[in-house]
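Structural description and commentary
Read off the chains here:
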Protein chains: 2
Amino acid sequence: MASVSVVPASEASAPSLKVSANDCSTNGITECISSFKAADAVIELAPTLKPKPDPSDLVFGTVFTDHMLTIEWTSTGGWQKPHICPFHNLSIHPAGSALHYAVQLFEGMKAYRGPDNVLRLFRPMLNMKRMLKSAERACLPSFDAVELLECIRKLVVVDQEWVPQSDSASLYIRPTFLGTEPSLGVKKPSSALLYVILSPVGSYFSTGYKPVSLWADPKYVRAWKGGTGDCKMGGNYGASIYAQYEAIDYGCQQVLWLYGEDHQITEAGTMNLFLYWINENGEEELATPPLDGIILPGVIRQSILELTRKWGMFKVSERYLTMADLCCALKENRVKEMFGSGTACVVCSVSQVLYKGQNLDIPCLGDCPPLASRLLKELSDIQYGRTPCDWVCLV
Amino acid sequence: MASVSVVPASEASAPSLKVSANDCSTNGITECISSFKAADAVIELAPTLKPKPDPSDLVFGTVFTDHMLTIEWTSTGGWQKPHICPFHNLSIHPAGSALHYAVQLFEGMKAYRGPDNVLRLFRPMLNMKRMLKSAERACLPSFDAVELLECIRKLVVVDQEWVPQSDSASLYIRPTFLGTEPSLGVKKPSSALLYVILSPVGSYFSTGYKPVSLWADPKYVRAWKGGTGDCKMGGNYGASIYAQYEAIDYGCQQVLWLYGEDHQITEAGTMNLFLYWINENGEEELATPPLDGIILPGVIRQSILELTRKWGMFKVSERYLTMADLCCALKENRVKEMFGSGTACVVCSVSQVLYKGQNLDIPCLGDCPPLASRLLKELSDIQYGRTPCDWVCLV
């Protein structure tokens, strides 16, 4: 990694992040006395820049930008200065706790380029808050969420040419936090590395909006009470891959994760899950499982709940849903739509669920059901700045 | 990492591993057509050797030997040649799947130097079989267990001076297997790295045999049906650290992991757990939870079951045990001993369990209860070659 120039962060940065009351609120963040500061960031630019790919050819998470952010921590020295530096492989001690005991967590967020050529982040403080929560659960050190967000903003500014000129592509931002303790005891790490990489991603629905089929089997359980399912820790994901391939063996695209004796519907693949139906009391309802410890508190999940509650057009509930509820509602023609939500797709409709050997058809109305379509449009319009909203932060 | 010499493996290796029917049996291992071969190993010796530490000063897993074993795999090229090379940091792509999704697993085993100066491994094929099982669950590629064991043997031969001259210290062997897929999709990795590092470790009971106190609270759950608790995957461990520190806050040393509404006793810290008692039917019994998917199939666990069954002195059971069973038995003075088992300690007695705000005293008979003492002695005698047994493999 050759160094070409080291400039003070202040010279490379655009005006500070503009935050509003709703999108980037620091409410609920305990002040972290010991944290790195974005103002201390050292920027080392890459000597040569890679060619930018065509957004329409991109496979998710395979292409990375020219730079990355790294911030080191030790229990004795605390947080070091943030570094924005050329994208490079990490040098990790072979006994590192991230490699043996999955002392690791990540976040997923995106930067969007609007038709006004302005770059926006979508409710990034929700990601920062969730990252702090995951860090606590993983026994990794705390930090000031506002400072990390400002560091991320600086990184996006450095690699701003990588944010696609597109109304559906974006720049995926992957903050990652690793324990780097170089010894084999299972304990709180005495050193850690927080880093952020950026990857331009195409439209999730580049070949058209496509509903997915889900395999629902209680054989594999994604998360459980007393575990880490409500944190974005690596262990939740590695354990899920085996089931994902079994879903594919059954001709389905993703796993519908069930929980408990009553086969509660929890999540699908790596998405939160919504059921839009006429409920058992005859009410029109949009329902998603409550945040009871086994559900990831998704940013899109929260945004869908807030948006639809504001519409006031139907009941919006965080409630338990079982496979029996779904089967009964399908039999009685009470299901209107079912969809997953996540940063990658925003919303993704479900067309079929394979359960106990039976294919359950979920209404999809020509692949593009009205509620999912409306949510996809309204949220995308906010993310790309086509609809003004205080959920976005300008970069 | 400077290279000084590259010699064919055959020149550096001692005679091949001696295996017997019981200790290193390959029964149950599906033949892996595509595997690395120990005979292809390339050995690059370190230019300078580190000073060996005093075994009595060692903190577990903090000091490493001069060399390590690395074997790379890609989905297109298959397994590459094994490399025994100077100990070095790993260069890992920042999007690597081991870092984001905990596509990772490990094993723990030891090499012992006997009074005859011969080096021995204890039932290493059990570790190899378990590693293959973990690899399948983690969607990492398979390999030939016999070939990996032979590679490990070659590595131990290269670093044989690091196996302590001691009747209680040993050389800890840490095989590790990582997904190195350099992209962010949650999927089967297309590249992987298997490596082995060695760490000399002192006596677990260097300051005398010490029973431990356990904190039993259903608040945190180590493993669950449909998860990965029966595999040695990193995610199981990282998720446990937070609870471990809560145990310490309560004045206890380790967590007694409970499961289910009936508070089943499952494991303690990173150990399997045994209860030696007069059971509810008045029978003298050594009991440990069955391998029902949430219990790690420990090598020492299996050895204790086989050894005590051979003794034929009391009933030996794999059965469920609940906190209610324990509390009732303590009240009626039916508990004789409780102890954990693992590679690090062999056996480790439990003196106290904090449960629902009450300290339950477990009989410990002067810190060194007779069954735990006998097991520690018999197993150590086998490991160090003081008692001949086909459970050991000569290095």
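Keep in mind it's a predicted model, so treat the numbers as computed, not measured.

Notes on the overall build of chain A
Helix and strand counts for chain A stand at nine helices and 21 strands. A globule of 395 residues ought to have a C-alpha radius of gyration of about 21 Å, and chain A, at 21 Å, matches this closely. Each principal axis of the C-alpha distribution contributes one length, and for chain A these read about 65 × 50 × 40 Å. The burial tally for chain A puts 60% of its 395 residues in the buried class. Considering only intrachain contacts with a sequence separation of at least 6, the fraction spanning at least 24 residues in chain A is 73%. Summed over its atoms, the accessible surface of chain A is roughly 14,900 Å², and 52% of this surface lies on carbon and sulfur atoms. One way to put it: in chain A the 35 positive side-chain charges average out to a point 1 Å from where the 41 negative ones average out.

What about the packing of aromatic side chains?
Inspection of every chain in the model, using the stated rule, returns 37 aromatic pairs over all chains. Consider the rings of Phe36 of chain A and Phe143 of chain A, whose centres lie 5.8 Å apart with planes at 25 degrees: the pair is stacked. In this pair, Phe36 of chain A sits in the loop between helix H1 (9–12) and strand E2 (42–44) while Phe143 of chain A sits in the loop between helix H3 (124–137) and helix H4 (145–158), placing the two residues 107 residues apart along the sequence. For Phe36 of chain A, a relative accessible area of 2% corresponds to the buried category. Note on Phe143 of chain A: relative accessible area 0%, which makes it buried. A ring pair is formed by Phe274 of chain B and Phe339 of chain B, whose centres lie 5.4 Å apart and whose planes are at 20 degrees; its orientation type is stacked. Of the two residues, Phe274 of chain B sits in strand E15 (residues 271–278) while Phe339 of chain B sits in strand E18 (residues 335–342), which places them 65 residues apart along the sequence. Like Phe274 of chain B, the residue Phe339 of chain B is buried in the burial classification.

Quick look at empty space enclosed by the protein
Inspection of every chain in the model, using the stated rule, returns nine cavities of 30 Å³ or more. Considering only enclosed or pocket space, the largest cavity measures out at about 160 Å³ in volume. Around the largest cavity sit 16 residues that line it, and Thr228, Gly235 and Asn236 of chain A together with Gly235 and Asn236 of chain B are the ones nearest its centre. Of all the elements in the fold, those that place two or more residues in the lining of the largest cavity are helix H5 (234–238) of chain A together with helix H5 (234–238) of chain B. Considered class by class, the residues forming the lining of the largest cavity number eight nonpolar, seven polar and one charged. What the second largest cavity holds in volume is close to 80 Å³. Lining the second largest cavity, in full, are Gly108, Met109, Lys110, Tyr112, Phe122, Asn127, Val299, Ile300, Thr343 and Gln383 of chain A. If you tally residues by element for the lining of the second largest cavity, the top one is strand E8 (residues 109–113) of chain A, at three residues.

Some words on the nonpolar core
Note on soluble globular proteins: their nonpolar side chains tend to be buried together. Ranked by size, the top nonpolar core spans 128 residues in total, and within it Leu148, Phe177 and Leu194 of chain A together with Leu148, Phe177 and Leu194 of chain B carry the most contacts. In terms of nonpolar packing, the next biggest core, distinct from the first, is built from 54 residues, Tyr276, Val299, Trp311 and Leu330 of chain A among them.

Thoughts on the relation of the copies chain B and chain A
Superposing chain B onto chain A takes a rotation of 180 degrees plus a shift of 0.0 Å along the axis, which leaves an RMSD of 0.0 Å. The superposition of one copy onto the other is thereby described by a two-fold rotation axis. Of the C-alpha atoms belonging to chain B, the one lying closest to the rotation axis is found on Gly235 of chain B, 2.0 Å away. Mapped onto chain A, 98% of the interface residues of chain B again fall at the interface, so both copies present the same surface.

Some words on the interface of chain B and chain A
Counting from both sides, the interface comprises 58 residues of chain B and, opposite them, 57 residues of chain A. Considering only the side of chain B, the residues that lose the most area to chain A are Pro94, Leu99 and Trp224 of chain B, jointly responsible for 13% of the buried surface there. Here chain B and chain A share zero salt bridges between them. Put simply, the parts of the chain that give the side of chain B that touches chain A at least two residues each are strand E6 (90–92), helix H2 (97–100), strand E7 (104–106), helix H3 (124–137), strand E10 (170–179), strand E11 (191–201), H5 and helix H6 (241–249) of chain B. Pairing of strand E6 (residues 90–92) of chain A with E6 of chain B, which is carried by three bridges, proceeds in the antiparallel orientation. Counted as the bridge partner of Leu90 of chain A is Ile92 of chain B from E6 of chain B.

Some remarks on the packing of H3 of chain A against H4 of chain A
In a pair of packed helices, the angle between the axes and the distance between the axes together describe the arrangement. Residues and elements named next belong to chain A. For the pair H3 and H4, the least separation of the axes is 10 Å and the interaxial angle reads 125 degrees. For the element pair H3 / H4, the angle class is oblique. Crossing of H3 over H4 shows right-handed handedness. Taking contact as the criterion, the partners of Pro124, Met125, Met128, Met131 and Leu132 in H3 are, on H4, Ala145, Val146, Leu148, Leu149 and Ile152. Looking at the contact of H3 with H4 residue by residue, the classes come out as ten nonpolar, no polar and no charged.

A word on the UniProt feature "modified residue: N6-(pyridoxal phosphate)lysine" (unreviewed entry) in chain A
Residues and elements named next belong to chain A. When the UniProt feature table is mapped onto this chain numbering, "modified residue: N6-(pyridoxal phosphate)lysine" (unreviewed entry) sits at Lys232. Under the relative-accessibility criterion, Lys232 is labelled buried at 10%. Discounting residues that sit within four places of it in the chain, Lys232 has contacts with Leu105, Phe106, Glu107, Gly108, Arg130, Ser134, Tyr237 and Leu296.

A closer look at the side chain of Ser380 of chain B
Residue and element names in this part refer to chain B. The residue Ser380 is located in helix H9 (residues 370–383) in this model. Within polar-contact distance, the side chain of Ser380 engages the backbone oxygen of Leu376 at 2.6 Å. Once you skip the residues sitting within four places of it in the chain, Ser380 turns out to touch Leu375 and Arg386.

Comments concerning the pairing of strand E17 (residues 315–318) of chain A
All names here are of chain A. Relative to E17, strand E16 (residues 284–288) runs parallel, the two being bridged by four bridges. Among the inter-strand pairings, Ala287 is bridged to a residue of E17, identified as Ser317. For the crossover from E16 across helix H7 (residues 299–311) to E17, the handedness is right-handed.

Quick look at the environment of Pro141 of chain B
Residues and elements named next belong to chain B. Mapped onto the secondary structure, Pro141 falls in the loop between H3 and helix H4 (145–158). Along the primary structure Pro141 and Leu194 are separated by 53 residues, whereas in three dimensions their C-alpha atoms are 9.9 Å apart. With near-sequence residues (within four places) excluded, Pro141 lies in contact with Trp73, Trp79, Ala135, Phe177 and Ala192.

A few points about the pairing of E8 of chain A
Residues and elements named next belong to chain A. For E8, the tally of buried residues reaches five of five residues, placing the bulk of the element in the interior. A two-sided burial pattern is seen for E8, the buried positions comprising Met109, Ala111 and Arg113 on one face and Lys110 and Tyr112 on the other. In terms of strand pairing, E8 meets strand E10 (residues 170–179) through three bridges, oriented antiparallel. Paired with Lys110 across the two strands is Tyr172, which belongs to E10. Sheet analysis places E8 next to strand E9 (residues 119–122), joined by three bridges and oriented antiparallel. If you follow Tyr112 over to E9, its bridge partner there is Arg120. Where E8 folds back onto E9 in an antiparallel hairpin, the turn is made up of five residues, including Asn117, whose phi is positive at roughly 70 degrees.

About the criteria used
Throughout this description, residue numbers start from 1 for each chain and increase along the sequence as written. For naming, the first written chain is A and the first written ligand is 1, with later ones following in the order written. Per-residue local features are limited, in this predicted model, to residues with pLDDT of at least 70; the limit for side-chain atom pairs, both in listing and counting, is 80 or more; totals at the level of whole chains, interfaces and linings are taken over all residues. Computation of side-chain values: all heavy atoms of the structure, hydrogens and water removed. A run of H or I in DSSP counts as a helix once it spans at least four residues, and a run of E counts as a strand once it spans at least two, with each numbered from the N terminus. Within these notes, the globule rule equals 2.2 Å times the number of residues to the 0.38 power, and the radius of gyration is based on C-alpha atoms. For the exposure calls, accessible area comes from a 1.4 Å probe over protein chains only, and a residue counts as buried if that area is under 20% of its type's maximum, exposed if over 50%, partly exposed in between. We call two residues in contact whenever any of their non-hydrogen atoms come within 4.5 Å of each other. Accessibility throughout is a Shrake-Rupley quantity obtained with a 1.4 Å probe, and a residue counts as covered only by protein chains that appear here. Under the counting rule used here, the positive set is Lys and Arg, the negative set is Asp and Glu, and His together with the chain ends is not counted. A charged residue contributes its charge at one atom only: NZ of Lys, CZ of Arg, CG of Asp or CD of Glu. Geometry of aromatic contacts follows a simple scheme: Phe, Tyr and Trp rings, the Trp one being its six-membered ring, pair when their centres are within 6.5 Å, and the pair is stacked under 30 degrees between planes, edge-to-face over 60, tilted otherwise. Every definition here rests on a 1 Å grid over the protein atoms only: cavities are sets of points where a 1.4 Å probe fits but cannot get out, pockets are open sets enclosed by protein on both sides within 12 Å along at least five of seven lines, and lining residues have some atom within 4 Å of a point. Grid points are joined across faces, edges and corners, and a volume is the space filled by probe spheres set on the points. Amino acid classes used here: Ala, Val, Leu, Ile, Met, Phe, Trp, Tyr, Cys and Pro are nonpolar; Asp, Glu, Lys and Arg are charged; the rest, including Gly, are polar. By nonpolar core is meant a set of buried Ala, Val, Leu, Ile, Met, Phe, Trp, Tyr and Cys residues that side-chain atoms within 4.5 Å join together. A residue counts toward the fit only if its pLDDT is at least 70 in both copies, and the copies are then superposed by least squares on the C-alpha atoms of those residues. Defined in terms of a 1.4 Å probe, buried area is the accessible area two parts forfeit on being brought together, summed over both. Each salt bridge in this description consists of a side-chain nitrogen of Lys or Arg and a carboxyl oxygen of Asp or Glu lying within 4 Å of one another. Any two strands are treated as partners once DSSP identifies two or more bridges connecting them. To obtain an axis, a line is fitted to C-alpha atoms, over the contacting stretch when the element is a helix, and the angle between two such axes runs from 0 to 180 degrees between their N-to-C directions. For classification purposes, an angle smaller than 35 degrees is called roughly parallel, one larger than 145 roughly antiparallel, one from 65 to 115 roughly perpendicular, and anything else oblique. Should the near helix be turned counterclockwise from the far one by less than a right angle, the crossing is left-handed, whereas a clockwise turn marks it as right-handed. UniProt positions are given in the numbering used here, feature names are shortened, and annotations may be inferred rather than shown by experiment. Between N or O atoms, a polar contact is any pair within 3.5 Å; within protein, one atom must be a potential hydrogen donor and the other a potential acceptor, and residues adjacent in sequence are included only when both atoms are from side chains. Note on handedness: a crossover is taken as right-handed if, strands pointing away from the viewer, the path from the first strand over the helix to the second is clockwise.

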